[in-house]
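Report on the structure
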Amino acid sequence: KRFNANNAEEFIAQPDWKGGLYETTSLTRQQQHPLIHQLLQQFNNTLITRWVARLIELASIPQQLQNLLQQLEPAHTTARLKAASTTSLAQTEAARGRLIHRVQIQQQKISNYQILAPTEWNFHPQGLIAKSLTNLNPKDPEQLGQLARLVINAIDPCVGYTLRIHS
């Protein structure tokens, strides 16, 4: 419904869900892992916790690929679009977080294609990155810049960025 609303572009640019702002990263996916649970208790939502969550995911990739390889079956048919008009929504957990694609087809042509990337959730102006950067307080602008880059890169935007520090 939010993708179809009059303010859909606003929602995609700065998403919220039921009034809340959410993080969608490897940390959120790995919160139940015993090591992450322990790190969250000891260090809270810090860089070390985020990096370890990413390492846990990376370490699981070979087994996931092996499992997927075993499930592969030869394709027998090619899917064809039968309906002249339809709307589909797909979401998946990508490396940087939940990725959502929505496509509308009218008269067998794409009439609207929308993407809600993890960066929109994680870099929302009032969300995770804003809160994380606000908590940094070194007096030295150079050190502040270094810490800010570490935080930004740990949260992992899917686009390039420019960091400006105003004193």
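Our subject is the structure listed above.
What follows concerns the overall build of the chain. A tally of regular secondary structure across the chain gives seven helices and three strands. Taken against the 2.2 N^0.38 rule, which gives 15 Å for 167 residues, the C-alpha radius of gyration of the chain at 20 Å runs more than 25% over that of a compact globule. Here the C-alpha coordinates of the chain stretch approximately 60 × 45 × 30 Å along the principal axes. Put simply, 46% of the contacts in the chain that link residues at least 6 apart link residues at least 24 apart.

Attention shifts here to the side chain of glutamine 114. Looking at where glutamine 114 falls in the secondary structure, it is placed in strand S3 (residues 109-116). Once you skip the residues sitting within four places of it in the chain, glutamine 114 turns out to touch Phe3, Ala8, Glu9, Ile12, Ile100, His101 and Arg102.

Closest axis-to-axis distance for the helix H4 (residues 47-71)/helix H7 (residues 141-155) pair is 10 Å, and the angle between their directions is 30 degrees. The angle between H4 and H7 places the two elements in the roughly parallel class. In the crossing of H4 with H7, the sense of the turn from one axis to the other is left-handed. On H7, the residues that touch Leu47, Arg50, Trp51 and Arg54 of H4 are Leu150, Val151, Asn153, Ala154 and Ile155.

A surface patch of nonpolar side chains, amounting to about 480 Å² of accessible area, comprises Leu55, Leu58, Ile61, Leu65 and Leu68. If you trace the backbone, leucine 58 turns up in helix H4. A residue is classified by how much of its surface remains accessible, and leucine 58, at 48% relative accessible area, is partly exposed.

Once that is clear, we can look at the environment of leucine 21. Looking at the secondary structure, you find leucine 21 in the loop between helix H1 (8-13) and helix H2 (26-29). Along the backbone, leucine 21 and leucine 128 are 107 residues apart, and their C-alpha atoms lie at a distance of 8.1 Å. Excluding its chain neighbours within four sequence positions, the residues that come into contact with leucine 21 are Pro15, Asp16, His124, Gln126 and Gly127.

In this model, H4 (25 residues) spans 36 Å end to end at C-alpha, consistent with the 36 Å of a helix rising 1.5 Å per residue. Along H4, the sharpest kink reaches roughly 40 degrees, centred on isoleucine 61 and followed within four residues by the proline proline 62. Along H4, the positions that sit buried rather than exposed are Thr49, Arg50, Val52, Ala53, Ile56 and Glu57. Along its buried surface, H4 packs onto H2, helix H3 (34-43), helix H6 (128-134) and H7.

The next thing to look at is the pairing of strand S2 (residues 97-106). Bridge analysis of strand S1 (residues 86-94) against S2 gives nine bridges, and the strand direction is antiparallel. Bridge assignment links threonine 86 to a residue of S2, and that residue is isoleucine 105. Linkage of S1 to S2, two consecutive antiparallel strands, is achieved through a turn of two residues. The sheet contact formed by S2 and S3 spans seven bridges and is antiparallel. In the strand pairing of S3, glutamine 104 is matched with asparagine 112. The loop that links S2 with its antiparallel partner S3 comprises two residues; one of these, glutamine 107, has a positive phi angle of about 55 degrees.

Mapped onto the elements, asparagine 44 comes out in the loop between H3 and H4. Residues asparagine 44 and threonine 24, 20 residues apart in the sequence, show an inter-C-alpha distance of 17 Å. Once you skip the residues sitting within four places of it in the chain, asparagine 44 turns out to touch Leu39 and Thr49.

What counts and how
- Residues numbered from 1 in each chain as written.
- Predicted model: local features only at pLDDT ≥ 70, side-chain atom pairs only at ≥ 80, totals over all residues.
- Heavy atoms only, no water.
- Helix = DSSP H or I, 4+ residues; strand = E, 2+ residues; numbered from the N terminus.
- Rg over C-alpha atoms; globule rule 2.2 N^0.38 Å.
- Contact = heavy atoms within 4.5 Å.
- Axes fitted to C-alpha atoms, helices over the stretch in contact; angles between N-to-C directions.
- Parallel < 35°, antiparallel > 145°, perpendicular 65-115°, else oblique.
- Left-handed = near helix turned anticlockwise from the far one by under 90°.
- Patch = residues over 30% accessible without salt bridge, like charges linked within 9 Å, V, L, I, M, F, W, Y side chains within 5 Å.
- Areas by Shrake-Rupley, 256 points an atom, 1.4 Å probe, with all protein chains shown as cover.
- Salt bridge = Lys/Arg side-chain N within 4 Å of Asp/Glu carboxyl O.
- Buried < 20%, exposed > 50% of the residue type's maximum accessible area, 1.4 Å probe, protein only.
- Expected span 1.5 Å × (residues − 1).
- Bend = angle between axes of the 7 residues up to and from the residue.
- Pairing = 2+ DSSP bridges.

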